[in-house]
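Residues per chain are reported as follows:
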Amino acid sequence: MKKKLAIRVDSSSLIGGGHVYRCLYLARYFRKKGYEVLFICKNLKGNLTKVIRENKFKIKLLPKKFNDTRNRNNQIFAAQKQLEESEYLKKILINYKILVIDHYGINYIFEKNLNFEGKLIVISDFISEKHFCHTYINFHTSNKKKIQKQLLNKKCQLLLGKKYVLTEAIQKKENNVKKIFKVRNNILLFFGTSDSKNYTYKILKLFHINNFKKYNFIVLLGSNFNNEKKIVKIKKEFTSIRIIKKNINFSQFKDKIFFSIGVYSQSFFEKIFYSIPCVNLKILKKGFISDEFDNLKFIRFIKKNDFRKIIKFSKKIKNKKFNGRKIIDGQGAFRIFKKINEQN
């Protein structure tokens, strides 16, 4: 009988798609090692269940009574909701050896009540939430003291820092990308699958106002992007814009981008992996830190609309070679699998 791994993760217009994509990297590695993998998800508006199925994984969709009614992605589900969902999942998870939870809405209330007999693994981006698990993964920090304060299981295995980042090399057809990138003076813009704050338009407007015409702008629009009309309108005034929609694959931009502007999310790790210098808007929530990636030459965190720092960054990295694989090497899934199987 195959060993079984379950992954509790969601995606939507509110949540975005980063949690699902990084779980897919982990799921593919476990499948390669002989595991049967099940994704457990809520059927939310703007979800990526189609992408999960395209990767040939099974999905268990939770009943509507468990639907997400939060208005912020980093908001914890009410205690009663966590208790009800964890009770529901107990029967489903009976034969599973490993459960991965990657969700901002779930904390120790769900995890403790679940009373999971196998290995419970939490992937978290925050240091402010309490968890009860066998293994805790956080890519953004190596600070054990800060993390241990929030863990109720004092024997919890800690997998901290950038060596556990989940990404992998993906090769796909480049479509017409080669025609766009004749030279390397391209600035890449991507703010996630939804970009609910409309940062794409705001940053383009900022460059337009500052008469930044010597570069091309490659604008990636995620599957839940709803403000395309504004982008098309500014494109008429700012002709050096190219729009790419759907099937976003950062491997096609390797060695073709001067630098990128985005938010600190899963796409940030993808860009670093493919050696694309990154400017990240500083919109991190309380309890969310990034000390593993601060003060690196080809990475900057800036306040919104700080155009001067963008210009300063561009001058500093001009004609410099960036090897992102020295920061993120794509071996995170391998290391996680190895550590979990070493654990007694």
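Please read all numbers here as calculations on a predicted model, not as lab measurements.

Chemist: How should I be thinking about the overall build of the protein in this particular structure?
Modeler: The helix and strand inventory of the protein stands at 11 helices and 13 strands. Over its C-alpha atoms the protein spans a radius of gyration of 20 Å, differing by no more than 12% from the 20 Å that the globule rule assigns to 344 residues. In terms of principal-axis extent, the alpha carbons of the protein reach across some 60 × 40 × 35 Å. Within the protein, buried positions represent 55% of all 344 residues. Counting contacts in the protein only where the partners sit at least 6 residues apart, residues at least 24 apart contribute 63% of the total. Total accessible area computed for the protein in this model is approximately 17,400 Å², and 48% of it derives from carbon and sulfur atoms. Of the side chains in the protein, 77 bear a positive and 25 a negative charge, and the two mean positions are spaced by 6 Å.

Chemist: How should the pattern of salt bridges be read in this particular structure?
Modeler: When the charged atoms of two side chains lie near each other, side chains of opposite charge can form a pair. A complete count under the given rule lists 14 salt bridges for this structure. A salt bridge links Lys90 to Glu87, with the nearest nitrogen and oxygen atoms 2.9 Å apart. Of the two residues, Lys90 and Glu87 both sit in helix H3 (residues 79–92), 3 residues apart, roughly one turn of that helix. By relative accessible area, which is 43% here, Glu87 ends up partly exposed.

Chemist: I would appreciate a short explanation of the environment of Ser196 in the present structure.
Modeler: Tracing the backbone shows Ser196 in the loop between strand S8 (186–190) and helix H7 (199–209). Look at Ser196 and you get exposed, because its relative accessible area is 64%. As a C-alpha pair, Ser196 and Asn224 span 28 residues in sequence and 8.8 Å in three-dimensional space.

Chemist: Help me understand the packing of aromatic side chains in this model?
Modeler: In this description, a pair of aromatic rings is defined by centroid distance and the angle of the planes. Tallied over the entire structure, the rule returns 27 aromatic pairs. On the basis of an interplanar angle of 55° and a centroid distance of 5.3 Å, the ring pair of Phe66 and Tyr88 is categorised as tilted. You can see Phe66 sitting in the loop between strand S3 (58–62) and H3 and its partner Tyr88 sitting in helix H3, a full 22 residues away along the chain. Judged by its relative accessible area of 27%, Tyr88 falls in the partly exposed class. Above the face of the Tyr96 ring, Lys4 is positioned so that its terminal group lies 5.4 Å from the ring centre. Lys42 extends its terminal NZ or CZ atom over the ring of Phe77, reaching a point 3.9 Å from the ring centre.

Chemist: I would appreciate a short explanation of helix H9 (residues 266–273) in the present structure.
Modeler: In an α-helix, one turn spans 3.6 residues; hence positions three or four apart end up facing the same way. Burial analysis of H9 places 8 of its 8 residues in the buried class, the great majority of the element. Listed as buried for H9 are Gln266, Ser267, Phe268, Phe269, Glu270, Lys271, Ile272 and Phe273. Looking at the packing, one finds that the buried side of H9 touches helix H1 (18–32), S8, strand S11 (259–263), strand S12 (278–281) and strand S13 (299–302). In the stretch just after H9, Ser275 is the one whose phi turns positive, near 60°.

Chemist: Just to check I follow, could you spell out the packing of H7 against helix H8 (residues 228–237) for this structure?
Modeler: Two measures define how a pair of helices packs: the angle their axes make with one another and the distance between the axes. One way to put it is that H7 packs onto H8 with a least axis distance of 10 Å and a crossing angle of 15°. With respect to each other, H7 and H8 are oriented roughly parallel. The handedness of the crossing between H7 and H8 comes out as left-handed. For the pair H7 and H8, contact is made by Thr200, Tyr201, Leu204, Lys205 and His208 and by Lys230, Ile231, Ile234 and Glu237, respectively. Tallied by class, residues from the contact of H7 with H8 come to 4 nonpolar, 2 polar and 3 charged.

Chemist: Just checking my understanding: could you explain the pairing of strand S1 (residues 4–9) for this structure?
Modeler: Consecutive side chains of a regular strand alternate in pointing toward one face of the sheet and then the other. For S1, the tally of buried residues reaches 6 of 6 residues, placing the bulk of the element in the interior. The alternating pattern of S1 places Lys4, Ala6 and Arg8 and Leu5, Ile7 and Val9 on opposite faces, both of which are buried. Pairing of S1 with strand S2 (residues 36–42) involves 5 bridges; the strand directions are parallel. Within S2, the residue paired with Ala6 across the bridge is Leu38. Read from S1 through H1 to S2, the crossover connection turns out right-handed. Relative to strand S4 (residues 98–102), S1 runs parallel, the two being bridged by 5 bridges. Its bridge partner being in S4, Ile7 is matched across the sheet by Val100.

Rules behind the numbers
Residues numbered from 1 in each chain as written. Predicted model: local features only at pLDDT ≥ 70, side-chain atom pairs only at ≥ 80, totals over all residues. Heavy atoms only, no water. Helix = DSSP H or I, 4+ residues; strand = E, 2+ residues; numbered from the N terminus. Rg over C-alpha atoms; globule rule 2.2 N^0.38 Å. Buried < 20%, exposed > 50% of the residue type's maximum accessible area, 1.4 Å probe, protein only. Contact = heavy atoms within 4.5 Å. Areas by Shrake-Rupley, 256 points an atom, 1.4 Å probe, with all protein chains shown as cover. Lys, Arg positive; Asp, Glu negative; His and termini not counted. Charge placed at Lys NZ, Arg CZ, Asp CG, Glu CD. Salt bridge = Lys/Arg side-chain N within 4 Å of Asp/Glu carboxyl O. Phe/Tyr/Trp six-rings, centres within 6.5 Å; stacked < 30°, edge-to-face > 60°. Lys NZ or Arg CZ within 6 Å of the ring centre and 35° of its normal. Axes fitted to C-alpha atoms, helices over the stretch in contact; angles between N-to-C directions. Parallel < 35°, antiparallel > 145°, perpendicular 65-115°, else oblique. Left-handed = near helix turned anticlockwise from the far one by under 90°. Nonpolar A, V, L, I, M, F, W, Y, C, P; charged D, E, K, R; others polar. Pairing = 2+ DSSP bridges. Right-handed = clockwise from strand over helix to strand, strands pointing away.

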